[in-house]
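The chain contents come next:
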Amino acid sequence: ESFTFSLPNQYVALTFNRGPSVYTEEILNILQQYNYGATFFLQGNQVPLYSDLVKTLVTKGHSIGHITNNHSLLTILEIEEQRDALIQPKEEIGQLINKEINLVRPPFNTFNKNTISIQQEYNLKIVNSSIALKSGNDVQASDILAELDNKQLNGAIIGLDESQATVEALPTILEKIKD
């Protein structure tokens, strides 16, 4: 499908946005400890800073997509600006890992007819999160976990930003998914 907003009930997808970052390695270690895979929606302008880590994501079997070059709100951009935001990181990450990148998450899960036109032209698959958990510098792990307590996990695509709060909450999130 060209768009994915949920999964069949027996599945849960765990996704991470806005990396790679200083938190990616810790996230990878926790995922490995729990034997979980994830999809990482990389922010294009972060990739050159952590190119070895991007390669490690692939080596460890995680899926890779992108969340544009600088996390711009696509709906305020003209179509050519959107094309650049969607295609530049796709090509750069693909060259780095020697693999085509087709997964994209529009920042803030927001897109418009121009986004759809570009998505179709370049055979991209839009993957939005059905549960976008809190993020930001002022968010604590307890905030993330409290928000998750009220959510139905069956069939969910959980979106987390890479942060210290995410690292701290991740073991509990993985236990909840397991349950």
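Below is a short write-up of the structure. (Residues numbered from 1 in each chain as written. Predicted model: local features only at pLDDT ≥ 70, side-chain atom pairs only at ≥ 80, totals over all residues. Heavy atoms only, no water.)

1. Focus on the nonpolar core
Note that soluble globular proteins tend to have their nonpolar side chains buried in a common cluster.
So, point 1. Within the largest apolar cluster, 35 residues are counted, with the highest numbers of intra-cluster contacts made by Leu14, Phe16, Phe40, Ile158 and Ile173.
So, point 2. When residues of this core are traced back to their parent elements, those giving at least two are strand 2 (13-19), helix 1 (24-34), strand 3 (39-42), helix 2 (51-59), helix 3 (79-97), helix 5 (141-149), strand 8 (157-161) and helix 6 (164-178).
So, point 3. Top contributing element to this core by residue count: helix 6, with seven residues.
So, point 4. Those residues in contact with Ile173 that sit more than four places away from it in its chain are Leu14, Ile144, Leu145, Leu148 and Leu160. (Core = buried A, V, L, I, M, F, W, Y, C linked by side-chain atoms within 4.5 Å. Buried < 20%, exposed > 50% of the residue type's maximum accessible area, 1.4 Å probe, protein only. Helix = DSSP H or I, 4+ residues; strand = E, 2+ residues; numbered from the N terminus. Contact = heavy atoms within 4.5 Å.)

2. Considering the layout of surface pockets
So, point 1. In this structure, the largest pocket spans a volume of roughly 420 Å³.
So, point 2. Residue lining of the largest pocket: 25 residues in total, with Asn17, Arg18, His71, Ser135 and Asp161 positioned closest to the centre.
So, point 3. The element best represented in the lining of the largest pocket is strand 8, accounting for three residues.
So, point 4. Classifying every residue of the lining of the largest pocket gives nine nonpolar, 12 polar and four charged. (1 Å grid on protein atoms, 1.4 Å probe; cavity = no way out; pocket = protein on both sides within 12 Å on 5 of 7 lines; lining within 4 Å. Points joined across faces, edges and corners; volume = space filled by probe spheres on them. Nonpolar A, V, L, I, M, F, W, Y, C, P; charged D, E, K, R; others polar.)

3. Things to note about the packing of helix 1 against helix 2
The angle between the axes and the distance between the axes are what describe a pair of packed helices.
So, point 1. Interaxial distance between helix 1 and helix 2 falls to 11 Å at its minimum, and their mutual angle equals 15°. One element, helix 1, and the other, helix 2, form an angle in the roughly parallel class. Taken as a pair, helix 1 and helix 2 cross one another with a handedness that is left-handed. On helix 2, the residues that touch Thr24, Glu25 and Leu28 of helix 1 are Leu53, Thr56 and Leu57.
So, point 2. Residue classes in the contact of helix 1 with helix 2 are distributed as three nonpolar, two polar and one charged. (Axes fitted to C-alpha atoms, helices over the stretch in contact; angles between N-to-C directions. Parallel < 35°, antiparallel > 145°, perpendicular 65-115°, else oblique. Left-handed = near helix turned anticlockwise from the far one by under 90°.)

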